[in-house]
Amino acid sequence: MSDQLSLVEKLSAAKRVALFRPLFTLGIISLSVVAALLEGIGLGFLLPIIQQARGDGQTSGIAEGFVWIYEVVGVPFTLEYIIAGVALVMTLRYAASFLVAWLRTMLRVQYVRDLQTRAYRNALDSRIAYFDEQGSDEILNAIVTQSREAGNAIMRLVRVVEQGFLSLVYVSVALYLAPILTLVAGGVLAGLTYLVRYRLESGYAVGDRVAESNERVQEVVQAGTQGIRDVKLFGLSERFFERFDTHVGTFARSKVTLQRNQAAIQNIYQLVTAVTVFVLIYFALEFASLSLAGLGVFLFAMFRLSPRISSLSTYLYRLESDFPHLIRTERLIDEMRASQESGESRASVPERIERVEAESLDFSYDGDEQVLEDVSYSVERGEFIAFVGPSGAGKSTIVSLLARMYEPDAGAIRADGTPIREFDIAEWREHLSVVRQNPYIFNDSLAYNVRVGNQDASKSEIERACELACVTEFLGELPEGYQTVLGDDGVRLSGGQKQRVALARALVRDVDFLLLDEATSDLDTNIEEAVHSGIESLDADHGLVVVAHRLSTVRNADRIYTMVDGRVEEVGTHEELLDAEGTYAELYSG
Ligand SMILES: Nc1ncnc2c1ncn2[C@@H]1O[C@H](COP(=O)(O)OP(=O)(O)OP(=O)(O)O)[C@@H](O)[C@H]1O
C-alpha cells in the first residue's frame, strides 16, 4: 500500500464513512452545531454582563440582541436574569454535548458491528479460491482487529466536524469584534499547520505501519498456535518468536509514534495559540479601539478557540491514521463480495437426482498449471464409482468440483441433464455428503460433531451412523460418551478416529450422493474394510464416489477411473482393469 493518500482518496474514504447512517450522523453533527451555537450565545452573554456590571446602563452591539430576546420572552433585562439566562443556555449546551458524546459512541459501535458483520458474512459466502489466495489469517485479522481500529474513523470524523463548527463559532465572534487581529491570528495558525504537517510523518503512513504490523502479528501467532506441534518438532520456536517480536515491536513503536505526534500537535498548537493570544492582547490594547467588554469577549473567544484548533488538528491527524485500517477492511470486504460463490445461480434442485454426469472438464487452480484435462465420468444412484491414481493426479479436485468448491474452466457437470452451476449452491450441497481426508472437528461434543451433518437427526439415527462408521469401537474410551468434548480440531482423537467421526457426520445425512475423498486413509485395514462393507451394504439408494489410494477398498466399484496427470487414463471394473494390465494393474501389484 502506498505511503501517502491523495486528497481525493482521503475524501472518498471519508465519504464512505460519512455515508454510513447519514441521517444519524447528520443528527449528531446538527446537535454539535447546536452545542456550538449555544456556546457562542453563552459567550455573547459576557458582553451585557460586563456592561451591566460596570453600570453602563446602556447596551450596544451584540447585547442589543439579548435585550430584544428578553423583551420577547417578557423577562426584565437585569443582571440576575442575565445570569439565569447564561445558566439556562449553558445547561442546554452541556446537555447537547452529553447527547453528542452518547450518540457518537453508539455510531462508532454500530459502525464496527456493521464492518464486522459484513466482513464475516462475505467471508462465509466467499469462494474457497479466495481463501486459498488470501489466507485465513488476513481475513481473521480484518474481522477481529482491523475493523475495530477502522471504527474509530467514524467517531473522529464526527469530532472533526464538531470541533470545526465550534472553532467557526469562536472565529466568527472574534472576526466580528476584531477582524484584522483575527485574520493575523488565522495567518499564524495556518503557517503553523503547514510547518507541523511538513515536519511530522503523516498520520496515514504511521497508521499504515500499525495496520501492517498488526496483520503480521496475527499471521505469526496463528501459524505458531495452529502449527504448534510442527513448530516444536522442527525447532521453530525461536524463529517464530523472533518474527513475532519484530512485528510486535514495530506495532508498539508505531503506536507510540502516533500518540507522540498527536501530543506534539496538541501541545504545539496550544503553546502557539497561547502566545498568539498574549501578542493579540498587546495589539488589541495598543492599536484596536475595542471597548473593555469587547476586549474581554475577544480574549475569551481566543482562549476557547485555542484548544478547539489543537483538537481539530489532532483529530484530523488521527483520522488520517485510521484510514489504512478502514481502507484495508473495506477493500477486503469488497474483494470478498466480488468473490461470492453463489452468484446468479439460483435454480432449485430437483428433489431427487438420479444421475450426475461430468463432461470434458478442464480445470486449473491458478490459471496456469492444468490440473484436470478433458475429464468425463458419470455416476447414478445405487452405483459405486472410484477414482484412483498417483498422488497429485487430480482425484480430490474432481470431488471439489462436484461439491462446487471450485467451478470448472471448461466442460460441465450435469445432474439429470441440468448443469449444476445453475443450481442454488447451498441447495445443491444438501444433496451431497462429502468426507475429506482431513476433516475439521469442531471443539464441541461428539454428538454435536455428528449432528452437524443433519440437525434433525434423532438420537437413534446418530447412534446408527456412529455404528456404521465404527465410532462405537472407541466410544467406550471417551469419558462422557457422546457428550465428550473433542477439543480444538478434535485434538483428543487420533487421525483415524477423526475420520470416523467425519464419516458418521456424512452418513447421518439423507443424500443423493456420498463422496469419500481418502476418507478412510488413516484407518487400519480391518476397520477400513468393515467401514466400506458397511457403507456398500447400505440399502440407502445413493450414488457412491470414492477416491482411494488403497485399492482394496474399491474392488467392488461398478467403475474405476484411473487418473494420471489430470486425465482419465482408463475406466473399468477391478477385473477389467487388471486384465488390461495398465496403470491400475501396476498400482495394484505394486
Ligand atoms: N487449493 C489449491 N491451490 C492450488 N493448487 C492446488 C490446490 N489443491 C491442489 N492443487 C494442485 O492440484 C493438483 C491435483 O491435486 P489433487 O489434490 O486433486 O490430487 P490428488 O490426486 O487428490 O492427490 P493425493 O492423492 O495426493 O491427494 C496437485 O498438483 C496440487 O498441487
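Residues numbered from 1 in each chain as written. Predicted model: local features only at pLDDT ≥ 70, side-chain atom pairs only at ≥ 80, totals over all residues. Heavy atoms only, no water.

1. A closer look at the nonpolar core
Counting residues in hydrophobic clusters, the biggest one holds 45 residues, and the most contacted among them are L446, V450, V501, L516, I535, V554 and I560. At 6 residues, helix α18 (residues 495-507) tops the list of elements feeding residues into this core. When residues no more than four places from it in sequence are discounted, the contact partners of V554 are F384, A386, V388, V546, A548, I560 and Y584. Ranked by size, the runner-up nonpolar core spans 32 residues in total, among them Y377, L402, Y406 and I413. (Core = buried A, V, L, I, M, F, W, Y, C linked by side-chain atoms within 4.5 Å. Buried < 20%, exposed > 50% of the residue type's maximum accessible area, 1.4 Å probe, protein only. Helix = DSSP H or I, 4+ residues; strand = E, 2+ residues; numbered from the N terminus. Contact = heavy atoms within 4.5 Å.)

2. Quick notes on the sheet that holds strand β1 (residues 355-364)
What the 4 strands build is an open sheet, ordered β2-β1-β4-β5; its pairing is antiparallel. Among the strands making up the open sheet, the edge pair consists of β2 (370-380) and β5 (418-419). Bridging between β1 and β2 involves 7 bridges; their strand directions are antiparallel. If you follow A358 over to β2, its bridge partner there is Y377. Helix α13 (residues 395-402) contacts β1, β2 and β4 (410-415) of the sheet and is inclined by roughly 65° relative to β2. (Pairing = 2+ DSSP bridges. Axes fitted to C-alpha atoms, helices over the stretch in contact; angles between N-to-C directions.)

3. Details of the UniProt feature "transmembrane region" (unreviewed entry) in the protein
The residues that UniProt annotates with the feature "transmembrane region" (unreviewed entry) are residues 23-50, 165-196 and 279-303. For the annotated span residues 165-196, helix accounts for 97% and strand for 0% of the residues, and the straight-line distance between the end C-alpha atoms is 22 Å. (UniProt positions renumbered as here; feature names shortened; annotations may be inferred.)

4. Observations regarding the packing of aromatic side chains
For any pair of aromatic rings, geometry is given as the distance between the ring centres together with the angle between the planes. A complete count under the given rule lists 13 aromatic pairs for this structure. Measuring from ring centre to ring centre gives 5.8 Å for F423 and W428, while their planes differ by 20°; the resulting arrangement is stacked. Both rings, one in Y584 and one in Y588, keep their centres 6.1 Å apart while their planes meet at 15°; by these two values the pair is stacked. With Y584 and Y588 both in helix α21 (residues 583-589) and 4 residues apart, the pair spans about one turn of that helix. Three or more aromatic residues joined by ring pairs make a cluster, and in this case those are F363, Y365 and Y406. Directly above the ring of Y94 sits R93, whose terminal nitrogen or CZ lies 4.4 Å from the centroid. Between R243 and the ring centre of F240, over which it is positioned, the NZ or CZ distance is 5.3 Å. (Phe/Tyr/Trp six-rings, centres within 6.5 Å; stacked < 30°, edge-to-face > 60°. Lys NZ or Arg CZ within 6 Å of the ring centre and 35° of its normal.)

5. Some details on the side chain of D137
As for its placement among the helices and strands, D137 is situated in helix α7 (residues 136-177). Buried charge D137 goes without a salt bridge, the closest partner of opposite sign being R216 at 6.5 Å. In contact with D137, other than residues within four places in its own chain, are Q218, E219 and Q222. (Lys, Arg positive; Asp, Glu negative; His and termini not counted. Salt bridge = Lys/Arg side-chain N within 4 Å of Asp/Glu carboxyl O.)

6. With respect to the site of the ligand
As a matter of local geometry, the ligand sits amid 15 residues, with S391, G392, K395, S396 and T397 nearest to it. In the environment of the ligand, an oxygen atom lies 2.9 Å from a nitrogen or oxygen atom belonging to the backbone of G394. In this structure, an oxygen atom belonging to the ligand sits 2.8 Å away from a side-chain N or O atom of S396. Taking 640 Å² as the accessible area of the ligand by itself, protein coverage stands at 65%. Per element, the largest residue contribution to the shell around the ligand is 3 residues, and it comes from α13. In terms of residue class, the shell around the ligand is made up of 5 nonpolar, 6 polar and 4 charged. (Near = heavy atom within 4 Å. Polar contact = N/O pair within 3.5 Å; in protein donor to acceptor, adjacent residues only side chain to side chain. Areas by Shrake-Rupley, 256 points an atom, 1.4 Å probe, with all protein chains shown as cover. Nonpolar A, V, L, I, M, F, W, Y, C, P; charged D, E, K, R; others polar.)

7. Section: helix α1 (residues 7-18)
Structurally, the α-helix is built with 3.6 residues per turn, so residues lying three or four positions apart point the same way. The terminal C-alpha atoms of α1, which comprises 12 residues, lie 16 Å apart, in line with the 16 Å expected from a rise of 1.5 Å per residue. Within α1 the residues assigned to the buried category are A13, A14 and V17. Looking straight down α1, one finds its buried side chains confined to an arc of 95°; they lie on one side. Exposed and oriented more than 90 degrees from the buried face of α1 are V8, L11 and K15. Tucked inside the fold, the buried residues of α1 contact α5 (79-124), α7 and α12 (292-338). (Expected span 1.5 Å × (residues − 1). Arc of directions from axis to C-beta.)

8. Description of the pattern of salt bridges
This structure, assessed with the given rule, holds 29 salt bridges. One salt bridge connects E39 with R93, and the closest N-O pair in it is separated by 2.4 Å. With a gap of 54 residues between them, E39 in helix α2 (residues 22-44) and R93 in helix α5 connect regions that are remote in the sequence. On the basis of relative accessible area, R93 is assigned to the buried category, the value being 6%. A salt bridge links K459 to E463, with the shortest nitrogen-to-oxygen separation between them at 3.4 Å. Taken together, the residues K459 and E463, both in helix α16 (residues 459-468) and 4 residues apart, mark about one turn of the helix. Note on E463: relative accessible area 29%, which makes it partly exposed. A cluster of three or more residues bridged by salt bridges with shared partners is formed by R16, D114, R118, E330, D334 and R337.

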